[in-house]
Every structure is written in structure tokens, then in C-alpha cells.
Amino acid sequence: MPHDVLLAEATRGDRVESRHYGAAVVVDAAGKTVFAAGDVETAIYPRSTVKALQALPLLTEGAADKYALGPDALALACASHQGEPAHIAVATEMLARTGRDATSLECGTHWPLDARAARALAASGEQACALHNCCSGKHAGFVCLSCATGHDPEHYIRPEHPVMQTVARTLEDVTGIPHTDANRGTDGCAIPTWAIPLRALALAYARFATGQNLNTDRAQAAAQLRSAIAANPFMIAGTNQFDTRVMQDLAPRVFTKMGAEGVMVAMLPEKGLGIAIKCRDGGVRAAEATAAALIARFGNESSPVLTHFMRQTLKNWNGQSVGEFRVSATLAEDCYPSAAS
């Protein structure tokens, strides 16, 4: 297998203090590799990057129509949100349309990831609940899917539940990789996660971006989800988050989705390309920098938001500039000359 490559590095003074290595790949919907760096064949857990793929059955199985889920709800079903009030309101409404509430969610509980939302919740004297979990929108979608198809949503997170069976079949078809016990783990929100090659993840999003090599129902569902996310980028992540900031600036030409442990995907619908990235040490900042560089390079996008994530000044607590964080020169090639230095 190819060795991993340098994705990004941090300097302090005139020395490199930290380096992040990993892999990145750009694929078209026919499966042609447009760009590859590092080991893109070893299976990795895609984590939350596959949420938009997991949401396809919400449309293909009729749940979105049955419960009249609007674009904001469809976007939230694909989200890793920060637990801000707007996110909680939409997740609550999704459940209410099935006659259920937060007690049906099996994703677990944590406090809002947005600091202001967490402080406000604590100040109110309330406790966090499953709605504040960053995956509550996806799980609300699973509850909708279960109820719409006539299944008891209890234990919907288990691999043998009809909802997870449907999700597994969808992921298998779209990625082209078997989803079996052999490559299955458990995600942070308790549902199954299946390890697949980085190249297959990029291919899935090239197909999602274009509808090519998807059946008619899935192609239509993908188009509807793309439209919903582009119209509601706040729902996909939240205040000051990479995915939201990039899509507020560049959607619908660009879609991005961060996952845990330094995994990132992006798609460029007009170019027909899917992008997948894995920072091997799990570093989010390197995955963001790499995604920004590849979007700029292969999407021909010029954006202050992309420039910011490709090269950032590092400051100490006194506000003094002490170094910088930058994408590697190789990945930044043909993007912005200042980022490649």
C-alpha cells in the first residue's frame, strides 16, 4: 500500500512543530480516480461522513412524504449538529410527527457541543437529553423511517433491526462494498458503522452528487437531500463549523461533511466528483485544511473561507502571532499560491 502523505502542519517560529499525515482521494461517478495521495485502499470507518447516504431511505421508503418532512428536517437528518436551539426544535418536530418524543431516541446523551447553547441550557436549570446529541437529527430520521414502514422503533440501533438492515443495504449498494459482520463496528451514537476503503467512500459521494449509477428512486432522493442541505447549511453543523461555513459560502456547488477521527467527505456536483479524506491521527484541523485545498483545486473555487482553513495564523493567549497552521504544499498545488508556500 502507498505510504500516507503529509496533509498539514503547524509551525512555531521558524520550526515545524506538528505534522498530520493521512490520505485523500478524488473520484468521479464512473469510478475513475482523478487524484489520490496516500493509502486510499485500506478500510477505514467513515463515521458521520455517511449520514447523507444513511438518509436516502428516509425518502426512498416514503417516510419523508408520510410525515411531510421539510428541507430543514431532511438536512438535520444528515447532520452532526452542535445542539443549538434551532437544531433541537427541528428534531423535536420530526419526532412529534410520528407521535413520539425524545425518549424514542437511542443515540445517548451529551451536552450541546456549542458552548453558548450548553451555557444557556445549564443556566435554565435543565439537563441535557438525547435531543442534544449531535446525531439526534439522524436518529429522529431513523424513528420516522421505522414508524413509516410499520416497524416498532425500539432497538432500531441494532444491526438486525429492519431500519439498520435497510441502511446497510443502501450503503452497500452506493459504496459497492459489502456491509457484513466482518467489517462492522459500533459508532459513537450506537448504530453500526462499517469499514470501507477511502476510495469507495469518495465514489459513493460522486454518485450521490450526480445520481449516476444509482437507481431512479435513490437518484431522486439524493437530489432532494442535496437541495435541502444547500438551502439549510446551518442545520448540517451549526455556528462557526466548517461544514456550515463552507456551504453557506459555496452551496450548492459544494457539499462537505465531517466525521469523527479525522474523516471528511466533500462533493462537487457540477464537476461530478466525490472527495474523501482520512487524517490518520484523527486530527480534525488537518482534514478541514485538506478538504478546503481539494475543493479549491478540483472545484476551481476561490473563497475566503477556503483560504482561511488552508492557512491560519496561530496566536497565543496574548494575541501574539507565534506560527501558522497550513495545508501541505503538495495538496495546495494550483489552489492559492500563498497557501502553497
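Residues numbered from 1 in each chain as written. Predicted model: local features only at pLDDT ≥ 70, side-chain atom pairs only at ≥ 80, totals over all residues. Heavy atoms only, no water.

## Remarks on the overall build of the chain
And then number 1: The secondary structure content of the chain amounts to 15 helices and 12 strands.
And then number 2: Relative to the globule expectation of 20 Å for 341 residues, the C-alpha radius of gyration of the chain, 20 Å, shows essentially globular dimensions.
And then number 3: Reported as C-alpha extents along the three principal axes, the dimensions of the chain are approximately 60 × 50 × 35 Å.
And then number 4: Buried residues in the chain amount to 57% of all 341 residues.
And then number 5: Counting every atom, the chain has about 13,800 Å² of accessible surface; 48% of that belongs to carbon and sulfur.
And then number 6: If you average the places of the 30 positive and of the 34 negative side-chain charges in the chain, the two averages end up 4 Å apart. (Helix = DSSP H or I, 4+ residues; strand = E, 2+ residues; numbered from the N terminus. Rg over C-alpha atoms; globule rule 2.2 N^0.38 Å. Buried < 20%, exposed > 50% of the residue type's maximum accessible area, 1.4 Å probe, protein only. Areas by Shrake-Rupley, 256 points an atom, 1.4 Å probe, with all protein chains shown as cover. Lys, Arg positive; Asp, Glu negative; His and termini not counted. Charge placed at Lys NZ, Arg CZ, Asp CG, Glu CD.)

## Let's talk about the packing of aromatic side chains
And then number 1: The tally for this structure, following the rule as stated, stands at 5 aromatic pairs.
And then number 2: Look at Phe 35 and Phe 298: their rings are 5.6 Å apart centre to centre, the planes differ by 50 degrees, and that puts the pair in the tilted class. Taken as a pair, Phe 35 in strand β3 (residues 33-37) and Phe 298 in helix α13 (residues 284-299) lie far apart in primary sequence, 263 residues in all. You'll find Phe 35 and Phe 298 in the same group, each marked buried.
And then number 3: Measuring from ring centre to ring centre gives 4.7 Å for Phe 242 and Phe 309, while their planes differ by 75 degrees; the resulting arrangement is edge-to-face. (Phe/Tyr/Trp six-rings, centres within 6.5 Å; stacked < 30°, edge-to-face > 60°.)

## Section: the nonpolar core
And then number 1: Leu 69, Met 94, Leu 105, Leu 201, Tyr 205 and Phe 208 are the most contacted members of the largest nonpolar core, which totals 76 residues.
And then number 2: Setting aside its immediate chain neighbours within four residues, Tyr 205 contacts Thr 49, Val 50, Lys 51, Ala 52, Leu 53, Phe 255, Val 265, Ala 266, Met 267 and Gly 274.
And then number 3: Within the second largest apolar cluster, 37 residues are counted, among which are Ala 24, Leu 250, Cys 279 and Ala 287. (Core = buried A, V, L, I, M, F, W, Y, C linked by side-chain atoms within 4.5 Å. Contact = heavy atoms within 4.5 Å.)

## A short note on the confidence of the model for the chain
Detailed reading of the predicted coordinates is not advisable wherever pLDDT falls low.
And then number 1: When pLDDT is averaged along the chain, the result is 95, and 97% of the positions lie at 70 or above.
And then number 2: Note on residues 334-341: pLDDT is under 50 here. Beyond four places in sequence and across chains, it has 21 contacts. (pLDDT = per-residue confidence, 0-100.)

## Structural notes on the pattern of salt bridges
And then number 1: A complete count under the given rule lists 12 salt bridges for this structure.
And then number 2: Taking the shortest distance from any N to any O, the salt bridge between Arg 184 and Asp 181 comes out at 2.4 Å.
And then number 3: Measuring nitrogen to oxygen at the nearest pair gives 2.7 Å for the salt bridge that ties Arg 326 to Glu 324. (Salt bridge = Lys/Arg side-chain N within 4 Å of Asp/Glu carboxyl O.)

## With respect to unusual backbone geometry
And then number 1: A cis geometry characterises the amide bond from Ala 251 onward to Pro 252, with omega recorded as 5 degrees.
And then number 2: Inspection of the secondary structure puts Pro 252 in the loop between α12 (242-250) and β8 (255-259).
And then number 3: With phi around 65 degrees, Asn 213 is a residue other than glycine that occupies positive phi space.
And then number 4: With respect to the secondary-structure elements, Asn 213 resides in the loop between α9 (198-210) and α10 (216-231).
And then number 5: Assessed through its relative accessible area of 53%, Asn 213 is described here as exposed.
And then number 6: Although it is not a glycine, Asn 300 adopts a positive phi angle of roughly 55 degrees.
And then number 7: Relative to the assigned elements, Asn 300 resides in the loop between α13 and α14 (304-310).

## Here we look at the pairing of β8
And then number 1: Within β8, 5 of the 5 residues are buried, which leaves the element mostly enclosed by the surrounding structure.
And then number 2: Residues Phe 255, Lys 257 and Gly 259 line one face of β8 and the alternating positions Thr 256 and Met 258 line the opposite face, and both faces are buried.
And then number 3: Judged from the 5 bridges that link them, β8 and strand β9 (residues 263-268) form a sheet pairing that is antiparallel. Paired with Thr 256 across the bridge in β9 is Ala 266.
And then number 4: Counted along the chain from β8 to the antiparallel partner β9, the turn is 3 residues long, and its residue Glu 261 has a positive phi close to 60 degrees. (Pairing = 2+ DSSP bridges.)

## Quick word on the pairing of strand β10 (residues 273-279)
And then number 1: By the criterion of burial, β10 is predominantly enclosed, with 7 of the 7 residues buried.
And then number 2: The alternating pattern of β10 places Leu 273, Ile 275, Ile 277 and Cys 279 on one face and Gly 274, Ala 276 and Lys 278 on the opposite face, and all of these are buried.
And then number 3: Both strand β2 (residues 15-28) and β10 contribute to a ladder of 7 bridges, which runs antiparallel. Counted as the bridge partner of Asp 28 is Leu 273 from β10.
And then number 4: One ladder, built from 6 bridges, connects β9 with β10; its direction is antiparallel. Looking at β10, one finds that Val 263 is bridged to Lys 278.

## Side note on the side chain of Asp 243
And then number 1: Within the fold, Asp 243 resides in helix α12.
And then number 2: No salt bridge is formed by the buried Asp 243. Its closest oppositely charged neighbour is Lys 257, at 4.4 Å.
And then number 3: A distance of 2.7 Å separates the side chain of Asp 243 from the side chain of Thr 256, its partner in a polar contact.
And then number 4: Residue contacts for Asp 243: discarding those within four places in its chain leaves Ile 236, Ala 237, Thr 256, Lys 257, Met 258 and Met 264. (Polar contact = N/O pair within 3.5 Å; in protein donor to acceptor, adjacent residues only side chain to side chain.)

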